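A look at the structure
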Amino acid sequence: MNQVIIACDFKNKEELNKFLLPFEGLNPFLKIGMEIFYKEGPELVKDLTNRGFHIFLDLKLHDIPNTVEKAMRNIASLNVDITNVHAAGGIKMMEAAKRGLEGSNTKLIAVTILTSLNDEMLKNELDIEKTVNDVVYDYASNAKKAGLDGIVCSPLEAPIAKELGLISVTPGIRLAGDAKGDQSRVTTPSDAKNLGSTYIVVGRSITGALDPVAAYKKCMEDFN
Ligand code: C5P
């Protein structure tokens, strides 16, 4: 079964637990990101894994290799399913991150280019002349060289991961008719499926829906 990961971008654990109530029995895969992690800390992650949730801990580490390795050692003890770094930190940093996770079952993936960025922003703001697609290919190749399991990218770039034998975790998903918000490169769950995404990450299309459980089920249906 293809997995839909719900991006739990909530202010605090009270809001998250309230959101999760109607999901009782559905056992969704959750993405815990910076907003709630910086508020609630590792205790929240331990609580959720104890309750049986699968977790993608999306902290996007990006620092010198030594710091990232030590931070990953702490993440390793949380027993999450997936965590990540920025590929822009380089191959040595990604290798260090992997060393930090040794002894755990946590998969390590690398963020390539954020789905909120596009070719013009790369050129005008980040001084990168290559297209998003080319940079994703190069960063994904680096992630593979460093021994990582996969990449975070837009579903539009999922075929690159497939070609390289990597898993792809793809945000930038919208149900037909939903607002794009700050995302630039978006697709629907069924397009993501056809493009070969391994996991889709869906935030506002589920958390902001009038009926989040129905929106989640629709995403699961369309992605399978
Ligand atoms: O609400 P929405 O579906 O846009 O949420 C997407 C989630 O995926 C957010 O939590 C965002 O931080 C995350 N993400 C992303 N693009 C990446 C990596 C992570 O949008 N490249």
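This section reports on the structure supplied with the text. (Residues numbered from 1 in each chain as written. Predicted model: local features only at pLDDT ≥ 70, side-chain atom pairs only at ≥ 80, totals over all residues. Heavy atoms only, no water.)

1. Points about the nonpolar core
To keep things clear, this is the line we draw: Each nonpolar core is a collection of buried residues, namely Ala, Val, Leu, Ile, Met, Phe, Trp, Tyr and Cys, held together in the definition by side-chain atoms within 4.5 Å. Burial classification: accessible surface area is computed with a 1.4 Å probe over protein chains only, and a residue below 20% of its type maximum counts as buried, one above 50% as exposed, and the rest as partly exposed.
With 63 residues, the main nonpolar core has Ile32, Val85 and Ile206 as its most contacted residues. Counting residues in hydrophobic clusters, the runner-up holds 12 residues, among them Phe29, Ile82, Ile109 and Tyr199.

2. Comments concerning the environment of Asp127
Where we set the bar: Strands here are runs of E lasting at least two residues and helices are runs of H or I lasting at least four, both read from the DSSP assignment and numbered beginning at the N terminus.
By the element assignment, Asp127 lies in the loop between helix H6 (119-126) and helix H7 (132-145). When its relative accessible area of 68% is taken as the criterion, Asp127 is described as exposed. The sequence separation of Asp127 and Lys60 amounts to 67 residues, and the corresponding C-alpha distance is 21 Å.

3. Structural notes on the sheet that holds strand E3 (residues 55-61)
This is how the line gets drawn: In this analysis, strands are considered paired if DSSP registers two or more bridges between them. To get an axis, fit a line to the C-alpha atoms, keeping to the stretch in contact for a helix; angles then go from 0 to 180 degrees between the N-to-C directions. In what follows, residue pairs with any heavy atoms lying within 4.5 Å of each other are defined as contacts.
Spatial ordering of the closed barrel is given by E1-E2-E3-E4-E5-E6-E7-E8, a layout of eight strands whose pairing is parallel. The sheet shows a mean angle of 25° between the axes of neighbouring strands, direction not considered. In this structure, strand E1 (residues 3-7) lies alongside strand E2 (residues 29-33), joined through three bridges in parallel fashion. Note that in E2 the partner of Ala7 across the bridge is Lys31. Of the strands in this sheet, E3, strand E4 (82-86) and strand E5 (107-111) touch helix H4 (residues 65-76), which is tilted by about 165° from E3.

4. Quick notes on the packing of helix H5 (residues 91-100) against H7
Spelled out, the test is: In these notes the angle categories are as follows: under 35 degrees is roughly parallel, over 145 is roughly antiparallel, 65 to 115 is roughly perpendicular, and the rest is oblique. Here is the rule for handedness: rotate from the far helix to the near one, and if that takes an anticlockwise turn smaller than a right angle the crossing is left-handed, while a clockwise turn gives right-handed. Each residue is assigned to one class: nonpolar for Ala, Val, Leu, Ile, Met, Phe, Trp, Tyr, Cys and Pro, charged for Asp, Glu, Lys and Arg, and polar for all the others, Gly among them.
Between H5 and H7, the least distance of the axes is 9 Å, while the angle of their chain directions is 45°. In terms of axis orientation, H5 runs oblique to H7. Judged by the sense of rotation from one axis to the other, the crossing of H5 with H7 is right-handed. Facing H5, whose interface residues are Ile91, Met94 and Glu95, H7 presents Asn142, Ala143 and Lys145. The residue inventory of the contact of H5 with H7, partitioned by class, reads three nonpolar, one polar and two charged.

5. Section: the site of the ligand
Worth spelling out the cut-off: Think of it this way: one heavy atom of a residue within 4 Å of a molecule or strand is enough to make that residue near it. In protein, a polar contact requires one atom able to donate a hydrogen and another able to accept it; more generally it is a pair of N or O atoms within 3.5 Å, and residues adjacent in sequence count only if both atoms are side-chain atoms. Residues are said to line a cavity or pocket when one of their atoms sits within 4 Å of a point; the points come from a 1 Å grid over protein atoms alone, cavities being sets where a 1.4 Å probe fits but cannot get out and pockets being open sets with protein on both sides within 12 Å along at least five of seven lines. Any molecule with more than half of its atoms within 2 Å of a cavity's or pocket's grid points is counted as sitting in it.
For the ligand, the set of nearby residues contains 16 residues, the closest of which are Asp9, Lys31, Thr115, Gly203 and Arg204. Between the ligand and the protein, one listed contact pairs an oxygen atom with a side-chain N or O atom of Arg204 at 2.7 Å. Given that more than half its atoms are within 2 Å of the pocket grid, the ligand belongs to the largest pocket. Elements with a contribution of two residues or more to the shell around the ligand: E3 and strand E8 (199-202).

From the geometry alone we can't say anything about function, so treat these as descriptive.
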